[in-house]
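Residue-level listing of the chains:
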Amino acid sequence: MRLLHTSDWHLGRSFHRVSMLGAQSVFIDHLVDTVREHRVDAVLVAGDVYDRAVPPLPAVELFDRALHRLADLGVPTVMISGNHDSARRLGVGAGLIGRAGIHLRTDPEGCADPVVLADEHGDVAVYGLPYLEPALVKDTVGAAKAGHEAVLGAAMDRVRADLAGRPAGTRSVVLAHAFVTGGQASDSERDIAVGGVEAVPASVFAGVDYAALGHLHGCQSINERVRYSGSPLAYSFSEAAHRKSTWLVDLGPAGEITAERIDTPVPRPLARLRGRLDDLLDDPAHTVHEHSWIEAVLTDPIRPDDPMARLTARFPHTLSLAFDPEGREDDGGATYAQRLRGRTDQEIAEDFVAHVRGGAPDDAERAVLHDAFEDVRAAAAAEGQEARR
């Protein structure tokens, strides 16, 4: 059986205020074409269909069109909710939509209720485990405690129990949305645990032939049978080196796995540039990036004039600009209070100017700061005298 594993569409998301809806629509076109051209038997979507719980109307309309096009192909689709989705909203009409071959799995109580597909070698049980928020689903899945490993482990115990009751030779696939130990994160994923991501071991998926994962945005293999498809589009500059793709997975008659990456369309390449402004503007090596989305970090000791305007003259798609001046002193990890201790208001203000601009104020600017502080002190003193009368 041939499966197309994808996840993390994040419909409705923007990239540094640039709408990605057009690129997401192109991806849906690509998805449909891939299903048709590669004779895919089932599509797996491992969560984060939307970017937020209440998505904008254009994103909902794109999702609706995607469902109709997948249904028209006559190829079953199994889809779970992720931590960005509202499970209740995404699951509305699941029973009716299921009649068209689009199987939405958003209710934790249905973890052990698979979509059963079949090919010439027998049945394939596809289990959809939506994102499991420990505090909310602990009792539902029968976990001993509220933790990501505990609830996912309990849900998988239910999967294995159901699978054990099925005919011998039944192959199995699980969709899950989680952070699995060994996975490489990027900047665009939302943590699934307060204070940081709580990882679960890959061994939690023992006993199934393939685990189609969502949540991490980089396409990667934890092992042969546990894989992330990653997001089909880049959603942060930390993904500049990612090769965006989906997994085309062949599940053999005895549960053998072979997998091939299918590249997804790139709306515009990403580039992270660092250096002095004049060097970035003059270096011919950067010609290849002139039509890329750009994140630029300027290292000029003194902040240059009109840096964004000058950058966009050569790199019109510059989206992010930051400053990291050469020679900036390391504060040694001192706290804010420690850095201020024993310093005058004037010194603190001068340090602030130096930090923001990348260079210390000159004598005229120091005089302006001095006069401003004197005026404030005089006004405060006069106010105090008036209050004592």
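What you see is a predicted model, and the numbers here were worked out from it, not measured in a lab.

Student: What am I meant to see in the sheet that holds strand E8 (residues 122-128) here?
Tutor: Hydrogen bonds along the backbone pair up the strands of a sheet, which may run parallel or antiparallel. The six strands lie next to each other as E7-E8-E9-E10-E12-E11, forming an open sheet whose pairing is mixed. The open sheet has two edge strands, strand E7 (115-119) and strand E11 (220-223), and neither has a second partner. Going from strand to strand, the sheet's axes swing by 20° on average, the running direction of each strand aside. In this structure, E7 lies alongside E8, joined through five bridges in antiparallel fashion. Bridge pairing in E8 links Val115 to Val126.

Student: I would appreciate a short explanation of the sheet that holds strand E15 (residues 270-275) in the present structure.
Tutor: Sheet architecture is open: three strands sit in the order E15-E16-E17, paired in parallel fashion. With one partner strand each, in any of the chains shown, E15 and strand E17 (318-323) form the two edges of the open sheet. Strand-to-strand twist in this sheet, taken as the mean axis angle between neighbours without regard to direction, amounts to 15°. Pairing geometry for E15 and strand E16 (residues 293-298), over six bridges, is parallel. Each bridged residue has a counterpart across the sheet, and for Gly275 the counterpart in E16 is Leu298. Packed on one face of the sheet, helix H8 (residues 307-314) meets E16 and E17 and runs near 135° to E17.

Student: So what exactly am I meant to see when it comes to the packing of helix H5 (residues 134-141) against helix H6 (residues 148-164) here?
Tutor: Packed helices, taken two at a time, are described by the angle their axes make and the gap between the axes. Relative orientation of the contacting elements H5 and H6 amounts to 30°, with a least axis distance of 9 Å. Taken together, the axes of H5 and H6 lie roughly parallel to each other. Of the two elements, H5 crosses H6, and the hand of that crossing is left-handed. Counted together, Pro134, Val137, Lys138, Thr140 and Val141 of H5 and His148, Val151, Ala154, Ala155 and Arg158 of H6 form the full contact between these two elements. For the contact of H5 with H6, the class distribution of residues is six nonpolar, two polar and two charged.

Student: Please explain the environment of Arg69 as it appears in this structure.
Tutor: Along the chain, the position of Arg69 falls in helix H2 (residues 57-73). Given a relative accessible area of 31%, Arg69 falls into the partly exposed group. Spatially, the C-alpha atoms of Arg69 and Val32 are 7.2 Å apart, while their sequence positions differ by 37 residues. Within polar-contact distance, the side chain of Arg69 engages the side chain of Asp29 at 2.5 Å.

Student: How should I be thinking about helix H1 (residues 21-37) in this particular structure?
Tutor: Each full turn of the α-helix corresponds to 3.6 residues, which orients residues three or four apart in the same direction. Taking 1.5 Å as the rise per residue, H1 with 17 residues should run 24 Å; its terminal C-alpha atoms sit 24 Å apart, in good agreement. Contacts from the buried residues of H1 go to strand E1 (2-6), strand E4 (42-46), H2, strand E13 (245-251) and strand E14 (257-263). Looking at the residues trailing H1, positive phi occurs at Arg39, about 55°.

Student: Got a minute to help me understand the pairing of strand E5 (residues 77-80) in this structure?
Tutor: The side chains of a regular strand alternate, residue by residue, between the two faces of the sheet. Side-chain alternation along E5 places Thr77 and Met79 on one buried face and Val78 and Ile80 on a second face that is also buried. Bridge count between E4 and E5: four bridges; the pairing is parallel. Bridging from a neighbouring strand, Val45 pairs with Met79 of E5. Taken together, E4, H2 and E5 form a β-α-β motif whose crossover is right-handed. Judged from the four bridges that link them, E5 and strand E6 (residues 102-105) form a sheet pairing that is parallel. Within the sheet, the bridge partner assigned to Val78 lies in E6 and is His103.

Student: How should unusual backbone geometry be read in this particular structure?
Tutor: At Asp8, a position not held by glycine, the phi torsion is positive, near 55°. With respect to the helices, strands and loops of the structure, Asp8 is situated in the loop between E1 and strand E2 (14-15). Even without a glycine there, the phi angle at His10 is positive, about 55°. One can find His10 in the loop between E1 and E2.

Student: Explanation requested: the packing of aromatic side chains in the structure shown.
Tutor: Aromatic ring pairs are described here by two measures, namely the spacing of the ring centres and the angle between the planes. Throughout the structure, instances matching the rule amount to four aromatic pairs. Between Trp9 and Phe27 the ring centres are 5.8 Å apart and the planes differ by 70°, which places this aromatic pair in the edge-to-face class. Of this pair, Trp9 sits in the loop between E1 and E2 while Phe27 sits in helix H1, and the two are 18 residues apart along the sequence. We classify Trp9 as buried; its relative accessible area is 1%. The class of Phe27 is buried, set by a relative accessible area of 2%. On the numbers, 5.3 Å between centres and 40° between planes, the contact of Phe15 with Trp293 is tilted. On the criterion of sequence distance, the pair formed by Phe15 in strand E2 and Trp293 in strand E16 is long-range, its members being 278 residues apart.

Student: Before we go on, may I ask you to explain the side chain of Ser188 in this structure?
Tutor: With respect to the helices, strands and loops of the structure, Ser188 is situated in the loop between strand E9 (171-177) and strand E10 (210-214). Relative accessible area serves as the criterion here: at 4%, Ser188 is assigned to the buried category. Ignoring anything within four residues of it in the chain, the contact list for Ser188 reads Arg13, His217, Tyr235, Ser236, Ser238 and Glu239.

Quick notes on the rules
- Residues numbered from 1 in each chain as written.
- Predicted model: local features only at pLDDT ≥ 70, side-chain atom pairs only at ≥ 80, totals over all residues.
- Heavy atoms only, no water.
- Pairing = 2+ DSSP bridges.
- Helix = DSSP H or I, 4+ residues; strand = E, 2+ residues; numbered from the N terminus.
- Axes fitted to C-alpha atoms, helices over the stretch in contact; angles between N-to-C directions.
- Contact = heavy atoms within 4.5 Å.
- Parallel < 35°, antiparallel > 145°, perpendicular 65-115°, else oblique.
- Left-handed = near helix turned anticlockwise from the far one by under 90°.
- Nonpolar A, V, L, I, M, F, W, Y, C, P; charged D, E, K, R; others polar.
- Buried < 20%, exposed > 50% of the residue type's maximum accessible area, 1.4 Å probe, protein only.
- Polar contact = N/O pair within 3.5 Å; in protein donor to acceptor, adjacent residues only side chain to side chain.
- Expected span 1.5 Å × (residues − 1).
- Right-handed = clockwise from strand over helix to strand, strands pointing away.
- Phe/Tyr/Trp six-rings, centres within 6.5 Å; stacked < 30°, edge-to-face > 60°.

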